[in-house]
Amino acid sequence: METFYGSYHGNIIKGIADIFIDLWDWFNFIWEAIKAIPQAIIDLLGNLLKLLFIPSENFFNDNIEEIKEKISEKIPYNDYVRLFETIKTLESDNSLSIDLPKYQITENLEVEQNKFIDFGKITKYKETWFSWVRGFTFIFMIIYNLNQITKFLRGINVADGATALGLEKNTSIGGKNQ
């Protein structure tokens, strides 16, 4: 008696099983390739950005003179460097003086402004004054917001009054419109 695998039908089943195993391996290979695509895209974008925006290691060392020339063409900094060098070599002769009638320079070289009007006497009323200003501002803010709310709800301002409703003032003589 032959075994199942040794028979004709066993060979057919083994062949079909091998086909499905190979098909399964092929689908696994495709799945792994699909899973690797996002990482490959990220790596390619990273390499592209590095290539575009990060210069090679010797770029600045090789091109330093060319870069200096282009910068000096755009920004004439050499003139300023020479100016600062001449300023360093200047010596003071103490003949330069500035007259500031409104200001007073102290020994610590601090500048104090002279006072024309001394407000020291009214500083005790400052909080009262600020409170009154805040109060009036608050009242006018409430009126403004009420006007805006009525304009939103009714479509007219409170300040427009009856004319906005279509009720015109009676301006004729005798109280009748002509």
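Everything in this summary refers to the structure shown in the same document. (Residues numbered from 1 in each chain as written. Predicted model: local features only at pLDDT ≥ 70, side-chain atom pairs only at ≥ 80, totals over all residues. Heavy atoms only, no water.)

**Brief notes about the overall build of the protein**
Thinking step 1. Counting its secondary structure elements, the protein contains four helices and two strands.
Thinking step 2. The linear arrangement of helices and strands in the protein, starting from the amino end, is α-α-α-β-β-α.
Thinking step 3. Within the protein, the fraction of its 178 residues that count as buried is 3%.
Thinking step 4. As displayed, the protein offers around 17,700 Å² of accessible surface, 64% of which is attributable to carbon and sulfur atoms. (Helix = DSSP H or I, 4+ residues; strand = E, 2+ residues; numbered from the N terminus. Buried < 20%, exposed > 50% of the residue type's maximum accessible area, 1.4 Å probe, protein only. Areas by Shrake-Rupley, 256 points an atom, 1.4 Å probe, with all protein chains shown as cover.)

**Thoughts on a nonpolar patch on the surface**
Thinking step 1. Together, Trp31, Ile34, Ile37, Ile41, Leu45, Leu48, Leu49, Leu51, Leu52, Phe53 and Ile54 line one region of the surface with nonpolar side chains, adding up to about 1,200 Å² of accessible area.
Thinking step 2. For Leu45, the location among the structural elements is in helix α1 (residues 8–53). (Patch = residues over 30% accessible without salt bridge, like charges linked within 9 Å, V, L, I, M, F, W, Y side chains within 5 Å. Salt bridge = Lys/Arg side-chain N within 4 Å of Asp/Glu carboxyl O.)

**Things to note about the pattern of salt bridges**
Thinking step 1. Overall, the coordinates contain three salt bridges when judged by the stated rule.
Thinking step 2. The partner of Glu66 in a salt bridge is Lys70, with the nearest N and O atoms 3.4 Å apart. Taken together, the residues span about one helical turn, with Glu66 and Lys70 both in helix α2 (residues 59–74) at a distance of four residues.

**Quick look at the packing of aromatic side chains**
Thinking step 1. What the rule picks out here adds up to two aromatic pairs.
Thinking step 2. When the ring of Trp26 is compared with that of Phe27, the centres are 5.2 Å apart and the planes differ by 50°; the resulting orientation is tilted.
Thinking step 3. Judged by its relative accessible area of 45%, Phe27 is partly exposed. (Phe/Tyr/Trp six-rings, centres within 6.5 Å; stacked < 30°, edge-to-face > 60°.)

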